[in-house]
Amino acid sequence: MPRGRYSLHDPHDHTPLGEEHFHCATGPSGWRYVSQLTTPAGDQAGSVDLTLDDLGRPIRLQLQAADWQVRGAALDGVTWVRTDPTGEHATEGNVPEARAFTGASPAFYVALARALRLTPGAGATRIRLVGFTTPVLAPRTLDQSWALVSRTAHATDNGPLQVDEYQVSDLETGEQHTVNLAGDVVLSAPGIELEELDSPPSTFTEGSGR
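Quick caveat, the model's predicted, so the values are computed rather than measured.

Draft legend 1. Highlighting the side chain of glutamine 144. Relative to the elements of secondary structure, glutamine 144 occurs in strand E11 (residues 138–154). Among the polar contacts listed, one links the side chain of glutamine 144 to the side chain of tryptophan 146, at a separation of 2.9 Å. Sequence-distant contacts of glutamine 144, defined by excluding residues within four places in its chain, comprise Leu112, Thr125, Arg126, Ile127, Leu129, Val168, Ser169 and Leu171.

Laid out in C-alpha cells, this is it:
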C-alpha cells in the first residue's frame, strides 16, 4: 500500500499551492486512493476519495475543497452531485458521453491510465471527461487525447520499476504535457512532484484492470 506526499504548484509560474498526503491500494475488485490536501501554510484544504472498479471506472468519487463537496460515480456516463458551502442548494449533473472524472489530484492520472489501458506506440485515444476546478469544485466537460509514448524498466533495490510516459493533449486548447507513472504512483506531471514514498508503487495485473 503506497503512502506518500506530493507537492503541488502552479504549472506556469511554479507558485506553491500546497501538498497532498495520500495512500492507495490495489485489490481484486479495483483500486482506491485517499488523500488529504494542505495549504502552503499547512492548513487543511480538502480531501480526495476515489474508488475504481477492475475496469478502471469510477464507482465512487468524493471531493472536498473550501467547504464545497462533490460526490460522483460512473452512472449513465458520469453523474455527480455538488453541494454548496451552506448545504442548502445541491445541484446534480450528468454527462452521458463522459467516461471518467479529472481534476487537480494526481489520483486522476492513475485512474485515466487504468481506464484507457493503452499500449506503447498504438497512437492517441480521445476521451471525454468531467473535471472539477479548485477551489469551488465547479464542473467542466473537456476532451483530452492520451498516448502511451514509452514503457521503460528501471533497476531499483526492489527489482525493476516499470515507468510509463504518456503524452496528454487538451483538445480545446492544443496544450500538451507529459505524465510519468509507475504503477499507481505519479512520478511527474505538470504542477505535481512526488516528494515522499514509503513503499514501492503497486502494480496492476490483468485481473485488476491492467
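Draft legend 2. Expanded view of the pairing of strand E6 (residues 68–73). Direction of pairing for strand E5 (residues 58–65) relative to E6: antiparallel, over a ladder of five bridges. When the bridges of E6 are listed, leucine 61 appears paired with glycine 72. In the sheet, E6 pairs with strand E7 (residues 78–83) via five bridges, with the strands oriented antiparallel. Paired with glutamine 69 across the strands is threonine 83, a residue of E7. Between the end of E6 and the start of E7, which pair antiparallel, lie four residues, with aspartate 76 showing a positive phi angle near 55°.

Draft legend 3. Molecular detail of the nonpolar core. Among the nonpolar cores identified, the biggest contains 47 residues, and Trp31, Phe132, Trp146 and Tyr166 are the most heavily contacted of them. Discounting chain neighbours no more than four positions away, the residues touching phenylalanine 132 are Leu61, Leu63, Val70, Trp80, Phe101, Thr102, Gly103, Leu137, Ala138 and Pro139.

Draft legend 4. How the structure looks around the packing of aromatic side chains. Within this structure, the stated rule accounts for seven aromatic pairs. When the ring of phenylalanine 22 is compared with that of tyrosine 33, the centres are 5.7 Å apart and the planes differ by 10°; the resulting orientation is stacked. Placement of phenylalanine 22 in strand E2 (residues 16–27) and of tyrosine 33 in strand E3 (residues 30–38) is noted, with a sequence separation of 11 residues between them. Ring centres of tyrosine 109 and tryptophan 146 lie 6.3 Å apart, and the angle between their planes is 50°; on these two criteria the pair is classed as tilted. Placement of the pair is tyrosine 109 in helix H1 (residues 107–116) and tryptophan 146 in strand E11, with a sequence separation of 37 residues. No difference in accessibility class separates tyrosine 109 from tryptophan 146, as the two residues are buried. Feature note: the residues Tyr6, Phe22, Trp31 and Tyr33 constitute an aromatic cluster, connected by ring pairs. Stacked on the ring of phenylalanine 204, the Lys or Arg arginine 114 has its end atom at 3.9 Å from the ring centre.

Draft legend 5. Structural context of unusual backbone geometry. In this model, threonine 134 is joined to proline 135 through a cis peptide bond whose omega is 5°. Locating proline 135 in the fold gives a position in the loop between strand E10 (125–133) and E11. Despite not being glycine, histidine 14 has its phi angle at roughly 65°, a positive value. Although it is not a glycine, aspartate 76 adopts a positive phi angle of roughly 55°. Along the chain, aspartate 76 turns up in the loop between E6 and E7.

Draft legend 6. Structural context of the pattern of salt bridges. On inspection of all chains with the given rule, the structure shows nine salt bridges. Across the salt bridge formed by arginine 32 and aspartate 49, the nearest N and O atoms sit 2.6 Å from each other. Of this pair, arginine 32 sits in strand E3 while aspartate 49 sits in strand E4 (residues 44–52), and the two are 17 residues apart along the sequence. Taking the relative accessible area as the measure of exposure, arginine 32 reaches 41% and is therefore partly exposed. The salt bridge partner of aspartate 53 is arginine 57, with a shortest N-O separation of 2.7 Å. The exposure class of aspartate 53 is buried, given its relative accessible area of 10%. Within the structure, one salt-bridge network assembled from shared partners comprises Arg5, Glu19 and Glu196.

What counts and what doesn't
- Residues numbered from 1 in each chain as written.
- Predicted model: local features only at pLDDT ≥ 70, side-chain atom pairs only at ≥ 80, totals over all residues.
- Heavy atoms only, no water.
- Helix = DSSP H or I, 4+ residues; strand = E, 2+ residues; numbered from the N terminus.
- Polar contact = N/O pair within 3.5 Å; in protein donor to acceptor, adjacent residues only side chain to side chain.
- Contact = heavy atoms within 4.5 Å.
- Pairing = 2+ DSSP bridges.
- Core = buried A, V, L, I, M, F, W, Y, C linked by side-chain atoms within 4.5 Å.
- Buried < 20%, exposed > 50% of the residue type's maximum accessible area, 1.4 Å probe, protein only.
- Phe/Tyr/Trp six-rings, centres within 6.5 Å; stacked < 30°, edge-to-face > 60°.
- Lys NZ or Arg CZ within 6 Å of the ring centre and 35° of its normal.
- Salt bridge = Lys/Arg side-chain N within 4 Å of Asp/Glu carboxyl O.

None of this, on its own, says anything about what the molecule does.
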